[in-house]
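# Geometric and topological summary
What follows is the residue order along each chain.
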Amino acid sequence: MRFLEPMTAAILSGHRLVRPHGMAGGEPGKAGCNYVLRTRSDGTEGERTALGPFDQTEMGAGDVFVVESPGGGGYGAPH
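Overview of the structure. All figures in this text were calculated on a predicted structure; none of them were measured in a lab.

## Some remarks on the packing of aromatic side chains
- In this structure the tally under the stated criterion is 0 aromatic pairs.
- Stacked on the ring of Tyr35, the Lys or Arg Arg48 has its end atom at 3.6 Å from the ring centre.

## A closer look at the pattern of salt bridges
- Enumeration over the complete set of coordinates arrives at 1 salt bridge.
- Between Asp63 and Arg38 there is a salt bridge, with its nearest N and O atoms 3.1 Å apart. Of this pair, Asp63 sits in the loop between strand S4 (54-59) and strand S5 (64-68) while Arg38 is found in strand S2 (residues 33-39), placing the two residues 25 residues apart along the sequence.
- You can call Asp63 buried: its relative accessible area is 4%.
- Since its relative accessible area comes to 17%, Arg38 is described here as buried.

## So, the pairing of S2
- Extensive coverage of S2 is indicated by the burial of 5 of its 7 residues.
- Where S2 meets strand S3 (residues 45-51), 5 bridges bridge the pair, whose relative direction is antiparallel. The residue of S3 that forms the bridge with Val36 is Thr49.
- What sits between the antiparallel neighbours S2 and S3 is a turn of 5 residues, in which Gly43 has the positive phi angle 90°.

## Thoughts on unusual backbone geometry
- Of note in the backbone geometry, Ala24 takes a positive phi value of approximately 50° without being a glycine.
- Residue placement: Ala24 occurs in the loop between strand S1 (7-12) and S2.
- By relative accessible area, which is 54% here, Ala24 ends up exposed.

Cut-offs and rules
Residues numbered from 1 in each chain as written. Predicted model: local features only at pLDDT ≥ 70, side-chain atom pairs only at ≥ 80, totals over all residues. Heavy atoms only, no water. Phe/Tyr/Trp six-rings, centres within 6.5 Å; stacked < 30°, edge-to-face > 60°. Lys NZ or Arg CZ within 6 Å of the ring centre and 35° of its normal. Salt bridge = Lys/Arg side-chain N within 4 Å of Asp/Glu carboxyl O. Helix = DSSP H or I, 4+ residues; strand = E, 2+ residues; numbered from the N terminus. Buried < 20%, exposed > 50% of the residue type's maximum accessible area, 1.4 Å probe, protein only. Pairing = 2+ DSSP bridges.

None of this, on its own, says anything about what the molecule does.
And the structure:
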């Protein structure tokens, strides 16, 4: 989500520290992650700021709040 004006953003998200479990011998899924891509004053992409699963941060105009959802766990033993 790209922010058009400064504000505070917060997130409450699960499966960022513990990967989603697999079933019946399936492998765990990929953990999700949250981060902000900061925008420099000249409009170019700046630094990446990592966020925890339960976090908040100040957003500037042009900053992008990225939420990568966790992947589902597998089902059954891999062949």
